[in-house]
Amino acid sequence: MAARVPRNFRLLEELEKGEKGIGDGSCSYGLMDSEDIMMSNWNGTILGPGHTVHENRIYSLKIHCDGNYPRNPPTVHFLSRVNLPFVSQIDGKIDPSKLNVLSQWGQDSSIETILVGIRREMATPNNRKLLQPPEGSTF
């Protein structure tokens, strides 16, 4: 049985990684409010993958890590309007059961793995050519 890292230690580690820009440069993330001592509310940004309808688009997301993080995945909403099969067209919420990176969540998963996983899904054959809302529109 692996030792569990306390929630805030884990989130501090993710915050440091996000602020330093370590990892995949196509995604970024950080706290919405630097005064959020519980580190619950995060912003995320995804640069649309090249050679898709998402190319040259910047997508904004909000991420909420509740008290059960990292045992349970955070809730994720797109703020930028996007047409993807796992995103509600009403409020931008991602359905975790329809996105592998959330449905197969594990202790080693992170905010970064979510953003990279979403970006990877944008580039799949089923999603790369989906008609998209006008650039700049929001939920």
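About the cut-offs
Residues numbered from 1 in each chain as written. Predicted model: local features only at pLDDT ≥ 70, side-chain atom pairs only at ≥ 80, totals over all residues. Heavy atoms only, no water. Patch = residues over 30% accessible without salt bridge, like charges linked within 9 Å, V, L, I, M, F, W, Y side chains within 5 Å. Areas by Shrake-Rupley, 256 points an atom, 1.4 Å probe, with all protein chains shown as cover. Salt bridge = Lys/Arg side-chain N within 4 Å of Asp/Glu carboxyl O. Helix = DSSP H or I, 4+ residues; strand = E, 2+ residues; numbered from the N terminus. Buried < 20%, exposed > 50% of the residue type's maximum accessible area, 1.4 Å probe, protein only. Pairing = 2+ DSSP bridges. Axes fitted to C-alpha atoms, helices over the stretch in contact; angles between N-to-C directions. Contact = heavy atoms within 4.5 Å. Expected span 1.5 Å × (residues − 1). Arc of directions from axis to C-beta.

Novice: So what exactly am I meant to see when it comes to a nonpolar patch on the surface here?
Specialist: A grouping of V5, F9 and L12 is seen on the molecular surface, where their side chains present a nonpolar patch of about 310 Å² in accessible area. Examined against the element boundaries, L12 turns out to sit in helix α1 (residues 7-20). Here L12 falls in the partly exposed class, since its relative accessible area comes to 46%.

Novice: Sorry if this is basic, but what is going on with the sheet that holds strand β2 (residues 41-47) here?
Specialist: The strands making up a sheet associate through hydrogen bonds between their backbones, and the pairing can be parallel or antiparallel. If you trace the four strands from one edge of the open sheet to the other, you get β1-β2-β3-β4, paired in antiparallel fashion. Sheet topology places β1 (27-31) and β4 (75-78) at the edges, where each strand pairs with a single neighbour. If you compare each strand with its neighbour and ignore which way they point, the axes differ by 25 degrees on average. As paired elements, β2 and strand β3 (residues 58-64) share seven bridges and run antiparallel to each other. Bridging across to β3, N43 finds its partner in K62.

Novice: Honestly, the environment of I58 in this entry has me stumped. Any pointers?
Specialist: By secondary structure assignment, the location of I58 is in strand β3. For the pair I58 and I22, spaced 36 residues apart in sequence, the C-alpha separation works out to 19 Å. In this structure, I58 is in contact with T45, I46, L47 and S80, ignoring residues within four places of it in sequence.

Novice: Whenever I open this one, the side chain of S110 confuses me. Can you help?
Specialist: Here S110 is to be found in the loop between α2 (100-103) and α3 (111-122). When sequence neighbours within four positions are dropped, the list of residues in contact with S110 reads R10, E14, Y69 and W105.

Novice: Looking at this structure, how should I read α1?
Specialist: The periodicity of an α-helix, 3.6 residues per turn, causes residues three or four positions apart to be oriented the same way. Here α1 contains 14 residues, and its C-alpha end-to-end distance of 20 Å stays within 8% of the 20 Å for a straight helix at 1.5 Å per residue. Of the positions making up α1, those classed as buried are R7, R10, L11, E14, L15 and G18. Projected onto a plane normal to the axis of α1, the buried residues spread over an arc of 135 degrees and lie on a single side. Facing away from the buried side of α1, by more than 90 degrees, are the exposed residues F9, E13, E19 and K20. Positioned one or two residues after α1, G21 has a phi angle of 75 degrees, which is positive.

Novice: So what exactly am I meant to see when it comes to unusual backbone geometry here?
Specialist: Leaving glycine out, the prevailing phi sign among residues is negative, and the prevailing peptide bond configuration is trans. With an omega of 10 degrees, the peptide bond between Y69 and P70 qualifies as cis. Examined against the element boundaries, P70 turns out to sit in the loop between β3 and β4. Unusually for a residue other than glycine, H51 sits at a positive phi of about 60 degrees. Mapped onto the fold, H51 is located in the loop between β2 and β3. Note on H51: relative accessible area 68%, which makes it exposed.

Novice: What should I look at first to understand α3 in this one?
Specialist: The first and last C-alpha atoms of α3 sit 17 Å apart over twelve residues, in line with the 16 Å expected at 1.5 Å per residue. When α3 is considered as a whole, its buried residues turn out to be I111, E112, I114, L115, V116, G117, I118 and M122. On its buried side, α3 packs onto α1, β1, β2, β3, β4 and α2.

Novice: Explanation requested: the pattern of salt bridges in the structure shown.
Specialist: Side chains carrying opposite charge are able to pair once their charged atoms draw close together. Inspection of every chain in the model, using the stated rule, returns three salt bridges. The closest approach of N and O atoms between K20 and E16, which form a salt bridge, is 3.1 Å. With K20 and E16 both in helix α1, this residue pair falls four residues apart, about one helical turn. Between K17 and E112 there is a salt bridge whose closest N-O contact spans 3.1 Å. You can see K17 sitting in helix α1 and its partner E112 sitting in helix α3, a full 95 residues away along the chain. Given the relative accessible area of 11%, E112 is considered buried.

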